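Residue-level listing of the chains:
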Amino acid sequence: NAGVTQTPKFQVLKTGQSMTLQCAQDMNHNSMYWYRQDPGMGLRLIYYSASEGTTDKGEVPNGYNVSRLNKREFSLRLESAAPSQTSVYFCASRSPNANLGYTFGSGTRLTVV
Amino acid sequence: GQQLNQSPQSMFIQEGEDVSMNCTSSSIFNTWLWYKQDPGEGPVLLIALYKAGELTSNGRLTAQFGITRKDSFLNISASIPSDVGIYFCAGRSSGGSNYKLTFGKGTLLTVNP
């Protein structure tokens, strides 16, 4: 099925560990986004990639890095995880058809202990 | 940065009741979107609005793009248990290739059968 696929779905890390959250879309979308969702805070933009080969900071980029590996894949890396990064992470991509907004993945639930 | 104020934060209603929620912005938007997030899933687009004053329906859902371009409303008629979830408004303030959405903090809807 066409859409946005995120892996893993769940992850527990110890403080200081590193990991990469994977995201892939098969809809040939140019733009991709990483958001985090925290209770009472809504969705906050971490990084985005307007097109292959470009990345830009969003609202809350500190502690994260991203790689737009190709048109399909946009990964989010935590180099040294902190408890404040416990959250649900969503990847999204945008159709060139503005009427369709963003398509979101089903999320990665990350706990840092 | 841009801010969206979404209200109410949560609602507890009886099945069959109508629901209304709204978002206001500190700046003018040229696009308003409404998303729903089911538990454990990513947000899914419900309705998109592109013109001031526009009123659009999707089944029992109706949304309006405010005349001032600084607000939007979502109404759900005759609620049913599967309407449970978090509803997000999102807005975009400028055109061009740098397409980013700003999200409200969400309205948590609970429907009692």
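The model shown is predicted, which means the values in this text are computed figures rather than measured ones.

**Q** Help me understand the side chain of Gln6 of chain B in this model?
**A** Residue and element names in this part refer to chain B. By secondary structure assignment, the location of Gln6 is in strand β1 (residues 4–7). The exposure class of Gln6 is buried, given its relative accessible area of 10%. In this structure the side chain of Gln6 is engaged in a polar contact, spanning 3.0 Å, whose partner is the backbone nitrogen of Gly106. A polar atom in the side chain of Gln6 sits 3.2 Å from the side chain of Thr107. Setting aside anything within four residues of it in sequence, one finds Gln6 in contact with Met21, Asn22, Cys23, Trp34, Tyr87, Phe88, Cys89, Gly104, Lys105, Gly106 and Thr107.

**Q** Can you help me understand the layout of surface pockets in this one?
**A** The gaps of empty space that remain are located by a probe, the size of a water molecule, rolled over the atoms. Of the pockets and cavities examined, the second largest pocket occupies roughly 390 Å³. Lining the second largest pocket we find 25 residues, and of these Gln37, Pro39 and Gly40 of chain A together with Ile86 and Lys105 of chain B sit closest to its centre. If you list the elements that add at least two residues to the lining of the second largest pocket, you get β4 (31–38) and β9 (87–94) of chain A together with β1, β9 (85–92) and β11 (107–112) of chain B. Of the residues assigned to the lining of the second largest pocket, the class counts are 9 nonpolar, 11 polar and 5 charged.

**Q** Please clarify how the packing of aromatic side chains should be interpreted in this entry.
**A** Any two aromatic rings considered together are summarised by their centre-to-centre distance and by the angle between their planes. This model, assessed by the stated rule, comprises 13 aromatic pairs over all chains. Judged by centre distance (6.2 Å) and plane angle (50°), the ring pair of Tyr35 of chain A and Tyr102 of chain A falls under tilted. Of the two residues, Tyr35 of chain A sits in strand β4 while Tyr102 of chain A sits in strand β10 (residues 102–104), which places them 67 residues apart along the sequence. You'll find Tyr35 of chain A and Tyr102 of chain A in the same group, each marked buried. Arranged with centres 5.7 Å apart and planes meeting at 90°, the rings of Phe104 of chain A and Tyr35 of chain B form a pair that is edge-to-face.

**Q** Explanation requested: the confidence of the model for chain A in the structure shown.
**A** One rule of thumb: low pLDDT means the predicted coordinates there are not for detailed reading. With 96% of its residues at a pLDDT of 70 or more, chain A has an overall mean of 93. No element of chain A has a lower mean pLDDT than β10 of chain A, at 91, and none a higher one than strand β8 (residues 74–78) of chain A, at 98.

Cut-offs used in this document
Residues numbered from 1 in each chain as written. Chains lettered and ligands numbered in written order. Predicted model: local features only at pLDDT ≥ 70, side-chain atom pairs only at ≥ 80, totals over all residues. Heavy atoms only, no water. Helix = DSSP H or I, 4+ residues; strand = E, 2+ residues; numbered from the N terminus. Buried < 20%, exposed > 50% of the residue type's maximum accessible area, 1.4 Å probe, protein only. Polar contact = N/O pair within 3.5 Å; in protein donor to acceptor, adjacent residues only side chain to side chain. Contact = heavy atoms within 4.5 Å. 1 Å grid on protein atoms, 1.4 Å probe; cavity = no way out; pocket = protein on both sides within 12 Å on 5 of 7 lines; lining within 4 Å. Points joined across faces, edges and corners; volume = space filled by probe spheres on them. Nonpolar A, V, L, I, M, F, W, Y, C, P; charged D, E, K, R; others polar. Phe/Tyr/Trp six-rings, centres within 6.5 Å; stacked < 30°, edge-to-face > 60°. pLDDT = per-residue confidence, 0-100.

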